Amino acid sequence: MGEEIARTTDWTARSQVSVKFKDVAVYFKKEEWNHLTPSQKELYRDVMLENYRNVVSVGVLFTKPAMIVHLEQGDMTWSSALQRPKKKRSRSCCSHPDE
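Cut-off values and rules
Residues numbered from 1 in each chain as written. Predicted model: local features only at pLDDT ≥ 70, side-chain atom pairs only at ≥ 80, totals over all residues. Heavy atoms only, no water. Helix = DSSP H or I, 4+ residues; strand = E, 2+ residues; numbered from the N terminus. Buried < 20%, exposed > 50% of the residue type's maximum accessible area, 1.4 Å probe, protein only. Contact = heavy atoms within 4.5 Å. Areas by Shrake-Rupley, 256 points an atom, 1.4 Å probe, with all protein chains shown as cover. Core = buried A, V, L, I, M, F, W, Y, C linked by side-chain atoms within 4.5 Å. pLDDT = per-residue confidence, 0-100. Salt bridge = Lys/Arg side-chain N within 4 Å of Asp/Glu carboxyl O.

What follows deals with the overall build of the protein. Per the secondary structure count, the protein includes five helices and zero strands. Traced from its N-terminal end to its C-terminal end, the protein shows the element sequence α-α-α-α-α. Classification of the 99 residues of the protein by burial places 24% in the buried group. Restricting to contacts in the protein with at least 6 residues of sequence separation, those with at least 24 account for 54%. When the accessible area of the protein is evaluated, it comes to approximately 8100 Å², of which 54% is carbon and sulfur surface.

Structure below.
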């Protein structure tokens, strides 16, 4: 019985970890997008919009991603909004610009 409680507690602790939309989003490069059929693109749109609604419904507040804005418009052409956002590079306090 104690083992069962420990597993439940462990699951509960993990379920309280903050979820971000980027954790459930799927991104496509232009070449990949062009290989999808129209029905695959529609399924992608439906799933991404549902994922967004689910993340928002659990109380995670953030700016609406460009991907969602694009998909809500119903435009099924590729956009850079469908590509994984580039990570911002931060400069180290001690690095030299030429390094």
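Once that is clear, we can look at the nonpolar core. In this structure, Phe-21, Trp-33, Tyr-44, Met-48, Met-67 and Leu-71 are the most contacted members of the largest nonpolar core, which totals 15 residues. Listed by contribution, the elements that provide at least two residues to this core are α4 (38-57) and α5 (66-72). A per-element tally of this core places α4 first, with four residues. Those residues within four positions of Tyr-44 in sequence are excluded, and the remaining contacts are Val-26, Tyr-27, Phe-28, Trp-33, Met-67, Leu-71 and Leu-82.

Attention now moves to the confidence of the model for the protein. In the predicted model, the protein carries a mean pLDDT of 79, and the fraction of residues at 70 or more is 71%. Mean pLDDT values over the elements of the protein span from 54, in helix α1 (residues 2-15), up to 94, in helix α3 (residues 30-34). Of the regions scoring below 50 in pLDDT, residues 93-99 engages in one contact with residues more than four places distant in sequence or in other chains.

Let us look at the pattern of salt bridges. Note on pairing: side chains with opposite charge can pair once their charged atoms come close. Taken as a whole and judged by the stated rule, the model has two salt bridges. The residue Lys-64 makes a salt bridge to Glu-72 at a minimum N-O spacing of 3.0 Å. The class for Lys-64 is partly exposed, based on a relative accessible area of 36%.

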